[in-house]
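Structural features, examined
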Amino acid sequence: RLHGRSEESDQQESLHKLLTSGGLSEDFSTPYPPLRANVIEAINELLIELEGTTDNIAMQALEHIHSNEVIMTVGYSRTVEAFLKEAARKRKFQVIVAECAPFCQGHEMAVRLSKENIETTVMSDAAIFAVMSRVNKVIIGTKTILANGALIAVSGTHTLALAAKHHSTPLIVCAPMFKLSPQFPNEEDSFHKFVSPQEVLPFTEGEILAKINVHCPVFDYVPPELITLFISNIGGNAPSYIYRLMSELYHPDDYEL
Amino acid sequence: RFGLQYSQGIINGSNARCIALLEVFKQLIRDYSTPPNEELSRDLVAKLKPHISFLNQCRPLSASMGNAIKFLKKEISCLPDTLREEEAKEKLQDTIDKYLREKIVLAAEAISRSAFEKINDNDVILVYGCTCSGEGGRQLCSDSPLGSTSPTVSCSGRPRREGRETLHRLVRKGIHCTYVMINAISYVLPEVSKVLLGAHALLANGSVMSRVGTSQIALVSKAYNVPVLVCCETYKFCERVQTDSFVSNELDDPDDLIVLRKGQAQLGGWAENKSLRLLNLVYDVTPPDLVDLVITDLGMIPCTSVPVVLRVKNVDQ
């Protein structure tokens, strides 16, 4: 949409074009009156897309869940909640929710799902492997999707993904396209965010706090080999295809912000 | 009285339960007097039955307790008839003491010693929950001048949070510790060099039955190529086989899962909501391929040698 580059050429990023393009040909300092209108239109389109993503994803629910299944999820994700609610209108299934210590957002998810008369069971994170043998599908939401198809999701998801792989249970990630990030993971530690360890070990246990370290990471890295399917507002994709979608979504100059 | 303590969870951990059970049996034998015209051996066994079923109702018996009871019954039935009542009771109490000492206390020390051999200097060790044997190993190596530099990570799972107990004990010994919840193990494992786990029982197909969450830790450790060592005394080996954690498990109080956040419990009214259930499992089963080594009082064996040990024990008896 930028003046000087058409949409089609943006998407066909073949190596030939990259080599022969020779750098930016337009001069950004020349005034371009319709720019403001264009930008506002683009933002409006983006807003409409953002509002519709959850519904788009939920519409695909019936294709993936069949009757009498046991579905497992972790923590609280609005996308997954909409997905499951939509499927529950026509199918009968059970959901097991792993609460996500230490914040226990899984509790809220379970309460909301049970209000729609979906049979929900809440269990501790420690029992993920134990109940995995009974689970048919694992459906989770995520915070970010990285360019290689990996996830940055709430802490505990890596364990869930490994357990699903061990039992050969499909792992489905419901995430809208705006969560896609153009960055590849450089080093697994580089994205971590920590919160107050008070959740893990409260300050009331004061005397020993000076002698120990307490960690409370918020996010987990899940490698792409453990994921079976991504369901997004544009349809279902395999993790190996994510890098292509990224090139549609981001201009190559924007990869490193 | 023992039943009450036991069902409330005041006595916890399979070793502690077994020791307490044997103490109670000793008391029982002391207070026991043979009714006339009855044989000591047969009558005592019959008297034990209602007590055992009472305990079973308070809380299902653990594998270690089951083994101890089997041993006791065998001892009682093997008593020669010629002994007087007083002597018989003495003898029984002696055998119980010996069993306690050999199988539990000395075994724990043997395990600690073996575990000590496996722990090198500058190893970072992950411990899950609160296990007597795993901890014993850790403490022993902290007493030596070499071992005190190995830092330990104590991991804990809701709702019991037994890792805190381990944390306190280790800190008291002066070991440098880190504490995490079980969902953070993916973050911690790249820096860990060994994982020490305790076991509730070892099943005849090589699976390890232990506190819920252990199988997860073994799984993730395998993914990061960290060796998993399980410490277990031989009296906990049992004849049962189990492939998954559902077939026979214990359910704990589901209300323990409820947590108060800013003074409000999300799951507060869960009993009224008929679509909502809380599941609080106590044990889980770890498949044998996820465990690298089992440290017992007989030495260090792979998981698959458990039936061999059982057979040898049966032949001995």
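Residues numbered from 1 in each chain as written. Chains lettered and ligands numbered in written order. Predicted model: local features only at pLDDT ≥ 70, side-chain atom pairs only at ≥ 80, totals over all residues. Heavy atoms only, no water.

What to know about the domain arrangement of chain B
Residue and element names in this part refer to chain B. Assigned domains within chain B: domain 1 (1–107) and domain 2 (120–316). Facing 15 residues of domain 1, the contacting portion of domain 2 comprises 16 residues. For the pair domain 1 and domain 2, the summed buried area comes to about 1,300 Å², and 47% of that belongs to carbon and sulfur atoms. When the area that domain 1 buries against domain 2 is broken down by residue, the three leading residues are Asn15, Ala63 and Lys103, summing to 33%. Along the contact surface separating domain 1 from domain 2 lie zero salt bridges. One can count two residue pairs in polar contact (both at pLDDT 80 or more) joining domain 1 with domain 2. Here the residues of the side of domain 1 that touches domain 2 sort into six nonpolar, six polar and three charged. (Domains from an automatic or database assignment. Contact = heavy atoms within 4.5 Å. Buried area = accessible area lost by both parts, 1.4 Å probe. Salt bridge = Lys/Arg side-chain N within 4 Å of Asp/Glu carboxyl O. Polar contact = N/O pair within 3.5 Å; in protein donor to acceptor, adjacent residues only side chain to side chain. Nonpolar A, V, L, I, M, F, W, Y, C, P; charged D, E, K, R; others polar.)

Re a nonpolar patch on the surface
Residue and element names in this part refer to chain A. On the surface, Leu35, Val39, Ile43, Leu46, Leu47, Leu50 and Phe178 cluster together to form a nonpolar patch covering roughly 600 Å² of accessible area. Relative to the elements of secondary structure, Leu46 occurs in helix 3 (residues 35–59). Residue classification places Leu46 among the partly exposed positions, given a relative accessible area of 48%. (Patch = residues over 30% accessible without salt bridge, like charges linked within 9 Å, V, L, I, M, F, W, Y side chains within 5 Å. Areas by Shrake-Rupley, 256 points an atom, 1.4 Å probe, with all protein chains shown as cover. Helix = DSSP H or I, 4+ residues; strand = E, 2+ residues; numbered from the N terminus. Buried < 20%, exposed > 50% of the residue type's maximum accessible area, 1.4 Å probe, protein only.)

Looking at the nonpolar core
Judged by nonpolar contacts, the single largest core of 76 residues is most densely connected at A:Met72, A:Met123, A:Met132, A:Val138, B:Val192, B:Val195 and B:Ile217. Residues in contact with B:Val195, not counting those within four places in the same chain, are B:Leu126, B:Leu189, B:Ile217, B:Ser221, B:Val226, B:Pro227, B:Val228 and B:Leu229. (Core = buried A, V, L, I, M, F, W, Y, C linked by side-chain atoms within 4.5 Å.)

Looking at the environment of B:Ile125
Residue and element names in this part refer to chain B. Locating Ile125 in the fold gives a position in strand 1 (residues 125–128). Since its relative accessible area comes to 1%, Ile125 is described here as buried. Sequence separation between Ile125 and Lys236 is 111 residues, and the spatial gap between their C-alpha atoms is 24 Å.

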